[in-house]
Amino acid sequence: MEDKNERLFAAAIYISSFFSAVLGPLIIWLIKKDDSSFVDFHGREYLNFFISYTIYSLIASVLMIILIGFVLLPIIGFLALVFTIIGAIKAYDGQIYRIPFVIRFLK
């Protein structure tokens, strides 16, 4: 079980994304990744999640031309919100959480 500070920083990665989608989580991850493998895991997971869901959103935006994107884009936004909240809760509980539908760019 990770100590409370590690869990707090890992959860802060997800929570800070509500205020700054990339910059906040990136700063926390870069500062703490060498100190804790738990924070490093959640930082990489969040950044992979952000990159993947940005790609999905861009594809859905292009698909608005044929009207499918109008359905897909709100679904992607809702899933991003839900998975961010679940990630913060799991990180604070000290659990490893792999976000669904994420392409693993950072390993």
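These notes cover the structure that comes with them. Bear in mind that the values here come from a model prediction, so they are computed numbers and not experimental data. (Residues numbered from 1 in each chain as written. Predicted model: local features only at pLDDT ≥ 70, side-chain atom pairs only at ≥ 80, totals over all residues. Heavy atoms only, no water.)

## Observations regarding the overall build of the protein chain
The helix and strand tally for the protein chain stands at four helices and zero strands. Each helix and strand of the protein chain, placed in order from N terminus to C terminus, yields the pattern α-α-α-α. In terms of overall size, the protein chain behaves like a compact globule, its C-alpha atoms giving a radius of gyration of 15 Å where 107 residues would be expected to give roughly 13 Å. Each principal axis of the C-alpha distribution contributes one length, and for the protein chain these read about 50 × 25 × 20 Å. Restricting to contacts in the protein chain with at least 6 residues of sequence separation, those with at least 24 account for 68%. Accessible surface, the protein chain as shown: approximately 6,200 Å² in total, 73% of it carbon and sulfur. (Helix = DSSP H or I, 4+ residues; strand = E, 2+ residues; numbered from the N terminus. Rg over C-alpha atoms; globule rule 2.2 N^0.38 Å. Contact = heavy atoms within 4.5 Å. Areas by Shrake-Rupley, 256 points an atom, 1.4 Å probe, with all protein chains shown as cover.)

## Things to note about the environment of Phe105
Take Phe105: it is sitting in the segment after helix 4 (69-92). Residue Phe105 is classed as partly exposed on the basis of its relative accessible area of 42%. Once the C-alpha coordinates of Phe105 and Ser52 are considered, the two residues, 53 residues apart in sequence, prove to be 8.5 Å apart. Apart from residues no more than four positions distant in its own chain, Phe105 is found in contact with Asn48, Ile51, Ser52 and Ile55. (Buried < 20%, exposed > 50% of the residue type's maximum accessible area, 1.4 Å probe, protein only.)

## Considerations on the nonpolar core
Counting residues in hydrophobic clusters, the biggest one holds 20 residues, and the most contacted among them are Ile13, Tyr14, Tyr46, Phe49, Tyr53, Phe83 and Ile99. Contributing elements (two or more residues each) for this core: helix 1 (4-16), helix 2 (23-32), helix 3 (37-62) and helix 4. Looking at which element gives the most residues to this core, the answer is helix 3, with seven residues. (Core = buried A, V, L, I, M, F, W, Y, C linked by side-chain atoms within 4.5 Å.)

## So, unusual backbone geometry
The phi dihedral of Leu67 is positive, around 75°, even though this residue is not glycine. Assignment of secondary structure puts Leu67 in the loop between helix 3 and helix 4. Assessed through its relative accessible area of 59%, Leu67 is described here as exposed. Phi is positive for Phe101, close to 65°, though the residue is something other than glycine. Within the secondary structure layout, Phe101 lies in the segment after helix 4. According to the relative accessible area criterion, Phe101 is exposed, its value standing at 57%.

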